[in-house]
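If you want the building blocks of each chain, they are given just below.
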Amino acid sequence: IDAILINGKKQYDVSTSFLPNENNITFKYITSSHLHDGNIVYEYRLKGLNDNWLTVNYSQNTINYHGLSPGNYTFEIKAYNGDEIASLPAAYSFTINSPWYATWWFRLLAGLAIASFLILRYRSMKRTIALERDVNIARINAIKAQMNPHFVFNALNSVQDLILLKDTRNSNIYLGKFAELMRHTLDYSQKDMISLTKELETASLYLDLEKLRFGDEFNYYINTSLDDNKLDELDIPSLLLQPYLENALKHGLLHASGKKELHINIEKSEDSLLLDIIDNGIGRKKSAEINSRRNKTHESFALKANEKRLRLIRESIGREIYLDISDVEPTGTKVSFKLKL
């Protein structure tokens, strides 16, 4: 072998390892003969590409290989004279290396990366499915919380009293409100968020029905500086207020003497919506004492369901919602919500 050309350039050093793009190789060869030049032929092969021997005549002194794939090769060539006497083969072994993206270490790293991604993806999907399941359960619990059987029983009893008193007008009004409240409950409990307008409409329906039970000694007030358009633009978790309104009436105002008042205050800061429910009831301490005497140590189902739903909504929509319950002086309770806009 007289010379080796890589991509058309002669190799002056005896290199046996080439880059992936150094894959066009030319071999030049000669043989010493003075008697049989016209009868000499060459046989050659490139092991790793083709193990079969190929033949060329004496006048051809170059063999070209173009676009060789990565791998290990051995080029062999020998000469035959007219008497079928062969020379010893001249041989040259070399390697064309794989590109970095085809090396075993890269494939291993890529495989590990893909496996890690699939594991993380699977865990994310599994958590998403679990979260959706929990949200659906919370929705069902929200329906149960809104349709408190004690409230339904009290509301229908109050309507029945009106009917017995032959107060047809008011009984029709309150039956209509009761039906509207049930429709809102079933509709909105299927949604995570509703407009503030719809939430206040539902709260008003509920408080109107409770006012029928309490009579003129109970009044409620919705206080806000926001106009109707702004109330309609702002979204909050559906049926957020009702369980806390029920709690204020059942545990605070029910046992209070004199005028009973409940205020819903709505304000908007630069980046938050502030909602307060304030009652002038007996407060949390006295309410706990009454429940203790009655062996009512369990927490309100509606409040527990709503707190769990708030946590799930925070996780599912990534929106910050804060809840704080505090005492009001001289007596009463304040429930405060802060929703990041």
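Small disclaimer: the values here were computed from a predicted structure and weren't measured. (Residues numbered from 1 in each chain as written. Predicted model: local features only at pLDDT ≥ 70, side-chain atom pairs only at ≥ 80, totals over all residues. Heavy atoms only, no water.)

Attention shifts here to empty space enclosed by the protein. Tallied over the entire structure, the rule returns one cavity of 30 Å³ or more. Here the largest cavity is characterised by a volume of approximately 30 Å³. Lining the largest cavity are Glu 199, Thr 202, Ala 203, Leu 239, Leu 241, Gln 242 and Leu 245. Among the elements that make up the lining of the largest cavity, the one with the highest residue count is helix H4 (residues 196–214) (three residues). For the lining of the largest cavity, the per-class residue count stands at four nonpolar, two polar and one charged. (1 Å grid on protein atoms, 1.4 Å probe; cavity = no way out; pocket = protein on both sides within 12 Å on 5 of 7 lines; lining within 4 Å. Points joined across faces, edges and corners; volume = space filled by probe spheres on them. Helix = DSSP H or I, 4+ residues; strand = E, 2+ residues; numbered from the N terminus. Nonpolar A, V, L, I, M, F, W, Y, C, P; charged D, E, K, R; others polar.)

Time to look at the side chain of Ser 204. Within the secondary structure, Ser 204 sits in helix H4. Apart from residues no more than four positions distant in its own chain, Ser 204 is found in contact with Tyr 220 and Ile 222. (Contact = heavy atoms within 4.5 Å.)

As a further point, take the packing of helix H3 (residues 168–188) against H4. To characterise two packed helices, one gives the angle between the axes of the helices and the distance between these axes. For the pair H3 and H4, interaxial distance at closest approach is 9 Å and the crossing angle is 140°. Here H3 lies oblique to H4, going by the angle between them. Our pair here, H3 against H4, has a crossing hand that is left-handed. The segment H3 lies against H4, with Tyr 174, Lys 177, Phe 178, Glu 180, Leu 181, His 184 and Tyr 188 engaging Lys 198, Glu 201, Thr 202, Leu 205, Tyr 206, Asp 208, Leu 209 and Leu 212. Taken together, the residues that form the contact of H3 with H4 break down as eight nonpolar, two polar and five charged. (Axes fitted to C-alpha atoms, helices over the stretch in contact; angles between N-to-C directions. Parallel < 35°, antiparallel > 145°, perpendicular 65-115°, else oblique. Left-handed = near helix turned anticlockwise from the far one by under 90°.)

That is the geometry; function is a separate question.
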